[in-house]
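# Tertiary structure, described
The residues making up each chain are set out below.
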2 protein chains.
Amino acid sequence: MQTKFETISGKFVPNPEALADDALELVAARFKALSEPTRLRLLAALKGGERNVTELVEFTGTSQANISRQLLVLTQAGILGRRKSGLHTFYFVADKAIYDLCELVCGSVQDRLARQNRAFGK
Amino acid sequence: MQTKFETISGKFVPNPEALADDALELVAARFKALSEPTRLRLLAALKGGERNVTELVEFTGTSQANISRQLLVLTQAGILGRRKSGLHTFYFVADKAIYDLCELVCGSVQDRLARQNRAFGK
DNA sequence: ACCTTATATAACTATATAGTCATACAGTTG
DNA sequence: CAACTGTATGACTATATAGTTATATAAGGT
């Protein structure tokens, strides 16, 4: 699959500089890591600082196995970091920009709901 | 699945106000819409203004059927809008905040690559 | 009316992954 | 070391969905 850009002539040609397919894949992967409610719940739980797995399990209400797997996903995506201490593993947010992202999306979602409500005369 | 928050006592309790599960679902859905390279390519193509389906097919290099489907996904997510004119359907970005999101993520991705390179002494 | 072009959609395949259960592994305590 | 606790992981199921092929629909041109 080849990304192309339009020239002045109006024809599409291979894009020489921006948005290499690799970059798109990375950006898509980052969004994908944020595309599950359970993982967003984990990020919400970690907003106040690091937590161990047991605390996160209690917070989210799903199984420990599942939480460990979702924490792995977020860690491999570079969003979380971890620190081991004895029996415990503490997870923390390594990429604070995540919260800016979430707030932007919250704004978009609210705008959209507002638009829909207006459209229904509410 | 129940979202809970910590109190001063240190115990998790049902969260009375923020981050209703519905909201999390909506935010997750928005991220999910952005989690595919093909859809990001479409957004890149639409940055300069509206385009019809044929142009977008040429730009992305995948099948027309697939493009129509991905455009539908983005439209239903509230990210794109559409306008029909004769034989053509023009798609355009309805939620400009999308580009802020993408730039934030690009920054995060670059930071992360930089960190990795440093870790490898590069 | 017929042909062509632009777009949408149905049916299908292949793949990815969230969640579960059971189990392994690693550190801690007695 | 034996028993326990906290975390990770393998195997599995169920579901979602990207992409394909073929076809339908709809608007224009002749």
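Residues numbered from 1 in each chain as written. Chains lettered and ligands numbered in written order. Predicted model: local features only at pLDDT ≥ 70, side-chain atom pairs only at ≥ 80, totals over all residues. Heavy atoms only, no water.

Residue and element names in this part refer to chain A. On the secondary structure map, Q64 appears in helix α4 (residues 64-76). Exposure remark for Q64: the relative accessible area of 46% places this residue in the partly exposed category. Through-space distance from the C-alpha of Q64 to that of T54 is 7.4 Å; in sequence the pair is ten residues apart. Filtering out sequence-adjacent residues up to four positions away, Q64 remains in contact with V53 and V57. (Helix = DSSP H or I, 4+ residues; strand = E, 2+ residues; numbered from the N terminus. Buried < 20%, exposed > 50% of the residue type's maximum accessible area, 1.4 Å probe, protein only. Contact = heavy atoms within 4.5 Å.)

In this section: the sheet that holds strand β5 (residues 88-93) of chain A. Residue and element names in this part refer to chain A. The strand order across the open sheet built from three strands is β3-β5-β4, with neighbouring strands paired in antiparallel fashion. Where the open sheet ends on each side, the last strands, each with one partner, are β3 (51-52) and β4 (80-85). In this structure, β4 lies alongside β5, joined through six bridges in antiparallel fashion. The partner of K84 across the bridge, within β5, is T89. (Pairing = 2+ DSSP bridges.)

Counting from both sides, the interface comprises 47 residues of chain B and, opposite them, 48 residues of chain A. Between chain B and chain A, roughly 4,500 Å² of surface is buried when both sides are summed, and carbon and sulfur atoms account for 67% of that area. The tally of links between chain B and chain A comes to four salt bridges. Ionic pairing is found between R41 of chain B and D21 of chain A, a salt bridge with its closest N-O pair at 3.7 Å. (Buried area = accessible area lost by both parts, 1.4 Å probe. Salt bridge = Lys/Arg side-chain N within 4 Å of Asp/Glu carboxyl O.)

A word on the packing of helix α2 (residues 37-45) of chain A against α4 of chain A. Residues and elements named next belong to chain A. Contact geometry for α2 and α4: axes closest at 10 Å, N-to-C directions at 80 degrees. One way to sum up the angle between α2 and α4 is to call them roughly perpendicular. Along its contact with α2, which presents T38, R39, L42 and L43, the element α4 presents I67, Q70, L71, V73 and L74. In the contact of α2 with α4, the residues fall into six nonpolar, two polar and one charged. (Axes fitted to C-alpha atoms, helices over the stretch in contact; angles between N-to-C directions. Parallel < 35°, antiparallel > 145°, perpendicular 65-115°, else oblique. Nonpolar A, V, L, I, M, F, W, Y, C, P; charged D, E, K, R; others polar.)

Residue and element names in this part refer to chain B. The antiparallel open sheet is built from three strands, whose spatial order is β3-β5-β4. Both edges of this open sheet fall to β3 (51-52) and β4 (80-85), since each of them pairs with a single strand only. Note that β3 and strand β5 (residues 88-93) share two bridges and pair antiparallel. Following the sheet pairing, N52 is matched in β5 by F90.

Another aspect to go through is the side chain of R30 of chain A. Here R30 of chain A is to be found in helix α1 (residues 21-33). Relative accessible area serves as the criterion here: at 3%, R30 of chain A is assigned to the buried category.

So, on to the protein's contact with DNA strand C. With respect to spatial proximity, 24 residues lie near DNA strand C, and among them R69 of chain A together with T54, Q64, A65 and Y91 of chain B are the closest. Within 4 Å of the protein, the contacting atoms of DNA strand C are drawn from sugar and phosphate to the extent of 61%. Interatomic distance of 3.0 Å between a side-chain N/O atom of N66 of chain A and a phosphate oxygen of DNA strand C. Measuring from a base nitrogen of DNA strand C, one finds a side-chain N or O atom of Q64 of chain B at 2.7 Å. Contributing elements (two or more residues each) for the surface near DNA strand C: α2 and α4 of chain A together with α3 (53-60), α4 (64-76) and β5 of chain B. Looking at side-chain class alone, the surface near DNA strand C contains six nonpolar, twelve polar and six charged residues. (Near = heavy atom within 4 Å. Polar contact = N/O pair within 3.5 Å; in protein donor to acceptor, adjacent residues only side chain to side chain.)

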